[in-house]
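Residues per chain, in single letters:
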Amino acid sequence: MTRNYPQIIVAKFGGTSVADFDAMSRSATIVLADKAVRLVVLSASAGVTNLLVELSGGLESSVRQDKIDTLRTLQYNIISRLKQPEAIGQEIERLIDNISHLAAMAVDSRSAALCDELVSHGEMMSSLLFVEVLREREVETQWFDARKVIRTDDTFGCAAPEIHTIAELAEKRLRPRIDQALVVTQGFIGSDAAGQTTTLGRGGSDYTASLLAEALQAARVDIWTDVAGIYTTDPRIVPQAKRIDTLSFAEASEMAVCGAKVLHPATLLPAVRKNIPVFVGSSAQPRAGGTLVCRDTQEPPRYRALALRRQQTLLKLTCVNGQPAHRFLAEIFAILSRHDVALDLVTISESSIALILNATGSTSGQAETMTTALLTELSSYSHVEIETGLALVSLIGNALAQAPAMCKEVFADLDTHAVRMICHGASSHALCFLLPAECAESAMKTLHRNLLE
Ligand code: ADP
Ligand code: ASP
Ligand code: MG
């Protein structure tokens, strides 16, 4: 039986939106401006996750201490602006002690599980502090540990959520709290069946927000960040980029998967499943408007956006024992599946296969996909070539498969660049190709000028 609940909005605030006391105050004002916002999902304050990832790398004692001091200063800059700093100060101090202890452990036993445990402290601290900021506005607010609901597998650093369990746990543990008060929780973190802390990969708070929106059948997800919407490309790379007012789920998903950092690549999966619109706006300029991502958009132009994904590795495998192509490919895909290599973009010819390994995303920042065991096994079936230092450029749009002049328009002015693998055809929303990393930004500028300005 489905019950009818009052429709809620899930609001997520990224690192810069909770970077310091002033940013937290602006974000609190946004939350309180709309009574439908009943659940707030927070990232760690800007810079904190990077510091914690570094600490998980097993640093030498004095370097470790410097980083912990930097962390403490960031937290105390916020605590010192609160009217009642004592109790929360002690709570944060206890978390910083934990961080110190875990960072010392990482010197002897570095692992992705330890990294996840350590980095989870960033979201714990920001969410505890944000609750204090809201309580100062005399709002009934409850802090909630997201790990009680966000159940994942145990792929530390890039864990996969278990959707059905999350829905059950959210109904049981989170819904009753939302009925009583405004609830503040952490993005990015979850726990496996054994109760160990996991993370959803870098930028994962967006994904948490949409997973919880799905579980609670929310009316909308609001992603508050440092840009007033989704632009035609990253405005840091091309300052001429313009905001796109509405995007379809398919276009925005393609952008996120192809590297537009404004949304975690998986954010739109739950939104698509439950048809929940996602709004993206700037917490520093809430009145500047933003982008609404929803199921349908009105007849958009053919080319919509460009995305760039850095740190790509190309793995080229050539058949050495003269097997027919279908058997060779079956062997290779079976090996990749056994080693749990998430396939990204692939091109295939009669005797070889080229695939992209995406080294970005995992919390610990290591390209753990390309293990020695994997390479050894692949080498027994094929000649293996690895090319690093590449970047993936993607053109996103609609009905690209029916665009006759597209290749001419895209590649005509890139004739000085060594274009590597090109992928087009499987998705009608993207044309992707690899370039040497050092020329990717200039290619983005050229393409933006030619196709989107
Ligand atoms: P948050 O910490 O709020 O999650 P992120 O840094 O993860 O913020 O994402 C916001 C950033 O995404 C922007 O500052 C911008 O540089 C980058 N970005 C990349 N592609 C785009 C795009 N197409 N539109 C807007 N921002 C983009
Ligand atoms: N704090 C995490 C990160 O920096 C998650 C997030 O911000 O979405 O990756
Ligand atoms: Mg982000």
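Keep in mind that what you see is a predicted model, and the values were worked out from it rather than measured.

## So, the sheet that holds strand S3 (residues 141-144)
Spatial strand order, S3-S4-S2-S1-S7-S9-S10-S8: eight strands in an open sheet with mixed pairing. Taken across any chain shown, the strands that pair with only one partner, and hence form the sheet edges, are S3 and strand S8 (246-248). Between one strand and the next, the sheet's axes are offset by a mean angle of 20°, whatever the strand orientation. Across the sheet, helix H1 (residues 21-33) is in contact with strand S1 (9-13), strand S2 (37-42), strand S4 (182-186) and strand S7 (220-225); its angle to S1 comes to roughly 175°. Sitting on the sheet, helix H6 (residues 163-180) is in contact with S2, S3 and S4, with an inclination near 165° to S3.

## Points about the site of ligand 1
If you check the shell around ligand 1, you find 17 residues, and the closest are Thr225, Asp226, Tyr231, Asp234 and Arg236. Between ligand 1 and Arg236, the relevant distance is 2.7 Å, taken from an oxygen atom to a side-chain nitrogen or oxygen of the residue. In terms of residue class, the shell around ligand 1 is made up of seven nonpolar, five polar and five charged.

## Some thoughts on the sheet that holds strand S11 (residues 303-319)
Reading across the sheet, the six strands line up as S12-S13-S11-S14-S16-S15 and stay open at both edges, with antiparallel pairing between neighbours. Looking along the sheet, the strands with just one partner apiece sit at the ends: strand S12 (346-348) and strand S15 (422-424). When the angles between neighbouring strand axes are averaged without regard to direction, this sheet yields 25°. For S11 and strand S13 (residues 352-358), the ladder comprises seven bridges, and the chain directions are antiparallel. By the bridge assignment, Gln312 is partnered in S13 with Asn358. On the sheet, helix H11 (residues 372-379) packs against S11 and strand S14 (382-397) and is oriented at approximately 110° with respect to S14.

## A short note on the site of ligand 2
Residues in contact with ligand 2, as listed here, are Ser43, Ala44, Thr49, Glu123, Phe188, Arg202, Gly203, Gly204 and Ser205. Contact between ligand 2 and Thr49: a nitrogen atom at 2.7 Å from a side-chain N or O atom of the residue. Note that an oxygen atom of ligand 2 is positioned 2.8 Å from one of the backbone N or O atoms of Gly203. Taking 260 Å² as the accessible area of ligand 2 by itself, protein coverage stands at 87%. The residue inventory of the shell around ligand 2, partitioned by class, reads two nonpolar, five polar and two charged.

## Comments concerning the pattern of salt bridges
Under the definition given, this model contains 19 salt bridges. Here Asp69 ties to Arg72 by a salt bridge, and the two come within 3.7 Å at their closest N and O atoms. Here the residue Asp69 and the residue Arg72 both occupy positions in helix H3 (residues 61-79), the gap between them amounting to three residues, near one helical turn. On the accessibility criterion, Asp69 (33% relative accessible area) is partly exposed. Taking relative accessible area as the criterion, Arg72 reaches 25% and is therefore assigned partly exposed. In this structure, Arg236 and Asp226 form a salt bridge, with 3.1 Å as the shortest nitrogen-oxygen distance. Taken as a pair, Arg236 in the loop between S7 and S8 and Asp226 in the loop between S7 and S8 lie far apart in primary sequence, 10 residues in all. By sharing partners, the salt bridges in this structure join Asp69, Arg72 and Glu93 into a single network.

## Quick notes on the nonpolar core
Counting 106 residues, the largest nonpolar core has Phe13, Val40, Leu55, Phe130 and Leu174 as its most contacted members. In terms of residue count, the dominant contributor to this core is helix H5 (residues 112-136) (12 residues).

## Remarks on the state of the cysteines
Under the defined criterion, the tally for this structure stands at zero disulfides. The cysteine Cys423 is free of any disulfide, with Cys432 supplying the nearest cysteine sulfur at 6.2 Å.

## Some words on the packing of helix H4 (residues 85-108) against H5
Contact geometry of H4 with H5 gives a least axis separation of 10 Å together with a crossing angle of 170°. Viewed along their axes, H4 and H5 adopt a mutual orientation that is roughly antiparallel. Of the residues in H5, those in contact with Ile88, Glu91, Ile92, Leu95, Ile96, Asn98, Ile99, Leu102, Ala103, Met105 and Ala106 of H4 are Leu114, Glu117, Leu118, His121, Met124, Met125, Leu128, Leu129 and Glu132. For the contact of H4 with H5, the per-class residue count stands at 15 nonpolar, two polar and three charged.

## A word on the packing of aromatic side chains
Overall, the coordinates contain four aromatic pairs when judged by the stated rule. Ring geometry for Phe13 versus Phe130: centroids 6.2 Å apart, planes at 35°, classification tilted. Highlighted residues: Phe13 in strand S1 and Phe130 in helix H5, separated in sequence by 117 residues. Side by side, Phe13 and Phe130 carry an identical accessibility label, which is buried. Ring centres of Phe13 and Trp224 lie 6.5 Å apart, and the angle between their planes is 15°; on these two criteria the pair is classed as stacked.

Here is what the cut-offs are and how they apply
- Residues numbered from 1 in each chain as written.
- Chains lettered and ligands numbered in written order.
- Predicted model: local features only at pLDDT ≥ 70, side-chain atom pairs only at ≥ 80, totals over all residues.
- Heavy atoms only, no water.
- Pairing = 2+ DSSP bridges.
- Helix = DSSP H or I, 4+ residues; strand = E, 2+ residues; numbered from the N terminus.
- Axes fitted to C-alpha atoms, helices over the stretch in contact; angles between N-to-C directions.
- Contact = heavy atoms within 4.5 Å.
- Near = heavy atom within 4 Å.
- Polar contact = N/O pair within 3.5 Å; in protein donor to acceptor, adjacent residues only side chain to side chain.
- Nonpolar A, V, L, I, M, F, W, Y, C, P; charged D, E, K, R; others polar.
- Areas by Shrake-Rupley, 256 points an atom, 1.4 Å probe, with all protein chains shown as cover.
- Salt bridge = Lys/Arg side-chain N within 4 Å of Asp/Glu carboxyl O.
- Buried < 20%, exposed > 50% of the residue type's maximum accessible area, 1.4 Å probe, protein only.
- Core = buried A, V, L, I, M, F, W, Y, C linked by side-chain atoms within 4.5 Å.
- Disulfide = S-S within 2.5 Å.
- Parallel < 35°, antiparallel > 145°, perpendicular 65-115°, else oblique.
- Phe/Tyr/Trp six-rings, centres within 6.5 Å; stacked < 30°, edge-to-face > 60°.

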